[in-house]
Amino acid sequence: MDYAGPTVEVTDRRTGEIHEAKVFVGVLAASNHTFADVTLTRSLPDWTASHVRMFEYWGGVPELVIPDNEKAAVRRASRYEPDINRTYHDLATHYGTAVLPARPRSPQDKAKVEAAVQNVGRWVLAPLRNHRFFSLSEVRDAVKPLLAALNERPFQKAEGSRRSLFEDLDRPALKPLPAERYEYAQWRKARVNLDYHIQVDGHLYSVPHALRREEVEVRLSATTIEVFFKHRRVAAHVRGRRKGGYTTVRAHLPAAHRAHLEWTPSRLVRWARKTGPQTAAFTKELLDSRPHPEQGYRSCLGLMRLARAYPAERMEAACRRALDNGMLSYKSVKSILSTGLDQAGAGEQRSLDLPGDHAHVRGPDYYANSDNGKEA
């Protein structure tokens, strides 16, 4: 497969801008059965999409695909070991085929497609040169009947056509298409942050916490991201679109952090209710008194520890006393328990001893005298 030299003009209806659409050509070597596709660019997404449409056009997959050293296909050209683009390699793996790029400066390796490009230019593109197109779909609709006519065209020096030879030779040899269509995906590298998340397009995704500071590979499709470490998949997430958002799997968190995520006001109040209504009421008041409930979580954990050290009756009495005095803190309950104030009795109040007669105390008789009242 290769791109044709001639392009097709596609006009943007809104702006009037003219785009030079590229023509992708593929050919089967035995029958010369030809495929052509039109895309706006020669980028990796368009390159792989043309392959998908090519395999579906033929209804099967060849054992081997031979591209030119297109940038979308080959990251580094080499006569002996070309470096295939990772996404292109994934596509080949998905369809069960292998990629063998043509050797650099070796046109004989791609003679078949060079001839196919000429035929597409002559029998498909030339008849369309005076047409005006406003979308790729219009171009593709126009190409289909011309491409079919090219493949049905009888050979000049042999019997049959590209179509008849395809049915006799190539179709039986093609591998069946996989059950699912290939989904385009890109590969990137990322460094795991201290909070065991990686950032991809502004969104953060969790990985196992043991991979902090490690470099991982990320495979991004339109709907999912997969994270690989040393060629082993360690995480998979649905693609998040919110910038600054988090997608976190609970199993990726350290045990202490998993416990923290389980702290919710309702859960803490349910725990406190097991000790008694006064403990539950104190816990709810403590959480409600904070600007954010999480600020009261650690205080509630302190109460849990006190509940393991003291009987439920003492916890209930201590929480009741703390509530009555508006002391909404773990330290207050701890102080009441450690000093034994919870055992002083619920109704016990300290008496207030008022002083007796004194020279500076006027008393009620003073105010009974109206003259003194006016003087005052």
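Going by the structure above, here's the rest.
As a starting point, this report considers the structure included with it.

### With respect to the nonpolar core
The biggest cluster of nonpolar side chains holds 25 residues, and the ones touching the most others in it are W47 and Y88. At the level of secondary structure, the elements contributing two or more residues to this core comprise α1 (44-58) and α2 (86-95). By size, the runner-up hydrophobic cluster in this structure holds 22 residues, among which are A21, V38, A116 and V124.

### So, the pairing of strand β3 (residues 18-27)
Across 2 bridges, the pairing between strand β1 (residues 2-3) and β3 is antiparallel. Bridge pairing links Y3 to F24 in β3. The sheet contact formed by strand β2 (residues 8-11) and β3 spans 4 bridges and is antiparallel. Looking at the pairing, T11 lines up with I18 of β3. Sheet topology places β3 next to strand β4 (residues 34-39); 6 bridges connect them, and they run antiparallel. Bridge pairing links V25 to A36 in β4. Linking β3 to β4, which pair antiparallel, is a turn of 6 residues; within it N32 sits at a positive phi near 65°.

### Comments concerning the pattern of salt bridges
Applying the stated criterion across every chain yields a total of 23 salt bridges. Notably, a salt bridge pairs K110 with E114, separated by 3.4 Å at the nearest N-O pair. Across the salt bridge formed by E167 and R171, the nearest N and O atoms sit 2.9 Å from each other. One end of the pair, E167, and the other, R171, are both in helix α5 (residues 162-173), 4 residues apart, so they sit about a helical turn from each other. Looking at E167, the relative accessible area reads 31%, which means it is partly exposed.

### Focus on the sheet that holds strand β15 (residues 246-247)
With respect to topology, 3 strands assemble into an open sheet ordered β10-β11-β15, the strand pairing being mixed. For this open sheet the edge positions go to β10 (197-200) and β15, each flanked by a neighbour on one side alone. Pairing geometry for strand β11 (residues 203-206) and β15, over 2 bridges, is parallel. Paired with Y205 across the two strands is T247, which belongs to β15.

### Re the environment of L194
Structurally, the position occupied by L194 is in the loop between β9 (185-191) and β10. For the pair L194 and H209, spaced 15 residues apart in sequence, the C-alpha to C-alpha distance is 8.5 Å. The contact partners of L194, leaving out residues within four places of it in the chain, are R212 and R213.

### Some details on α5
Taking 1.5 Å as the rise per residue, α5 with 12 residues should run 16 Å; its terminal C-alpha atoms sit 15 Å apart, in good agreement. The complete set of buried residues in α5 reads R162, F166 and D170. Each buried residue of α5 sits inside an arc of 40° when the element is viewed along its axis, so together they form one side. Counted as exposed and oriented over 90 degrees from the buried face of α5: D168 and P172. Taken together, the buried residues of α5 touch β4, α1, α3 (111-125) and α4 (136-152).

### A word on the packing of helix α10 (residues 312-324) against helix α11 (residues 330-339)
Close contact between α10 and α11 brings their axes to 9 Å; oriented N to C, the two are set at 125°. On the basis of their axis angle, the class for α10 and α11 is oblique. Once α10 is placed against α11, the crossing between them reads as right-handed. Residues R314, M315, A318, R321 and A322 of α10 pack against V333, I336 and L337 of α11. Its residues assigned to classes, the contact of α10 with α11 comprises 6 nonpolar, no polar and 2 charged.

Quick notes on the rules
Residues numbered from 1 in each chain as written. Predicted model: local features only at pLDDT ≥ 70, side-chain atom pairs only at ≥ 80, totals over all residues. Heavy atoms only, no water. Core = buried A, V, L, I, M, F, W, Y, C linked by side-chain atoms within 4.5 Å. Buried < 20%, exposed > 50% of the residue type's maximum accessible area, 1.4 Å probe, protein only. Helix = DSSP H or I, 4+ residues; strand = E, 2+ residues; numbered from the N terminus. Pairing = 2+ DSSP bridges. Salt bridge = Lys/Arg side-chain N within 4 Å of Asp/Glu carboxyl O. Contact = heavy atoms within 4.5 Å. Expected span 1.5 Å × (residues − 1). Arc of directions from axis to C-beta. Axes fitted to C-alpha atoms, helices over the stretch in contact; angles between N-to-C directions. Parallel < 35°, antiparallel > 145°, perpendicular 65-115°, else oblique. Left-handed = near helix turned anticlockwise from the far one by under 90°. Nonpolar A, V, L, I, M, F, W, Y, C, P; charged D, E, K, R; others polar.

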